[in-house]
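Structure at a glance
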Amino acid sequence: MALRPVQVNIKAVDGLAVGRFWGEALGWGVFSPGVTTYVGPAGGLVWPEPVGLGIDVVPVPDVKASTKNRLHLDLATTSAAHQAELVARLRSLGAAPVDVGQGDVPWTVLGDPEGNEFCVLEPREIYRDTGPIAAVVVDCLDPRAMARFWGEVLDWAVLEVSDGQASLRSAEGVGPYLEFLRVPGVKAVPDRVHLDLMPYPGDDKAAEVGRVKGLGASDLDLGQGDVPWTCLTDPEGHEFCVLALS
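The following refers to the structure shown. (Residues numbered from 1 in each chain as written. Predicted model: local features only at pLDDT ≥ 70, side-chain atom pairs only at ≥ 80, totals over all residues. Heavy atoms only, no water.)

What follows covers the pattern of salt bridges. The final tally for this structure, using the stated rule, is 11 salt bridges. A salt bridge links Glu239 to Lys187; its shortest N-O distance comes to 2.8 Å. Here Glu239 is found in strand S16 (residues 239-242), whereas its partner Lys187 is found in the loop between strand S12 (177-182) and strand S13 (193-199), with 52 residues between them in sequence. For the pair Glu239 and Lys187, a shared accessibility class is recorded, and that class is buried. With its nearest N and O atoms 2.9 Å apart, the salt bridge here joins Arg211 to Glu208. Of this pair, Arg211 and Glu208 both sit in helix H4 (residues 205-215), 3 residues apart, which is roughly one turn of the helix. By relative accessible area, which is 0% here, Glu208 ends up buried. (Salt bridge = Lys/Arg side-chain N within 4 Å of Asp/Glu carboxyl O. Helix = DSSP H or I, 4+ residues; strand = E, 2+ residues; numbered from the N terminus. Buried < 20%, exposed > 50% of the residue type's maximum accessible area, 1.4 Å probe, protein only.)

Looking now at the sheet that holds strand S6 (residues 96-97). Read across the sheet, 8 strands follow the order S6-S7-S8-S5-S9-S12-S11-S10 without closing on themselves; strand pairing throughout is mixed. With partners counted over all chains shown, the strands left at the sheet margins are S6 and strand S10 (157-161), one partner each. The strands touched by helix H1 (residues 15-26) within the sheet are strand S5 (71-75), strand S8 (117-120) and strand S9 (133-140), with S5 carrying the most contacts at an inclination of about 30 degrees. Taken strand by strand, helix H3 (residues 143-154) contacts S9, S10, strand S11 (165-169) and S12, and its axis lies near 160 degrees from that of S12. (Pairing = 2+ DSSP bridges. Contact = heavy atoms within 4.5 Å. Axes fitted to C-alpha atoms, helices over the stretch in contact; angles between N-to-C directions.)

This is the structure we're talking about:
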């Protein structure tokens, strides 16, 4: 039994505008079938994506706090010229430089039009086959513990683990990586960005929710009421949702 990540959920005051930004950023299509705006590979709406992750932008009334999100996206590039071109294009679309204390690093830290942080990486061979999203990166206190928890939740391979960072990827070796970086300080406020997961066909959602709670997840009440998805937090408080099979 396992869950699979199907989309990155981003909260935004202007969900359509932020969705359009991410569509342009990734070269993907933008679809607004209802309240949310979904961003996925071009060629027509396919949900959930069979490989990789989509982005679902959810409208909310409140603007982002100044606190840095503890989950962000890293975007892949293929050359120094591609990195420079992508950064310039993203800034023309409304992204802005963000200082998170990164210092002199080869990647560029930006915020989307509502300030959600993301990185445009320098070319790295490890991300040559991920698609435009290289990794979903989570700030945490204990990368080893997070790798154990999420590795069991997703049944993903743990490729690298140390006191400072951990890296996981689908056992099939496709799609973005899931990475955990050690940072000081505990999670203090709800994030604007989280992962949405889904059972595999034939699996039971309630059983999967029970399984991940047995691994250390906790119920989360956001005032969501009677909805078909289940809101949970991981052992360090990062929010995630388990969606019902469509």
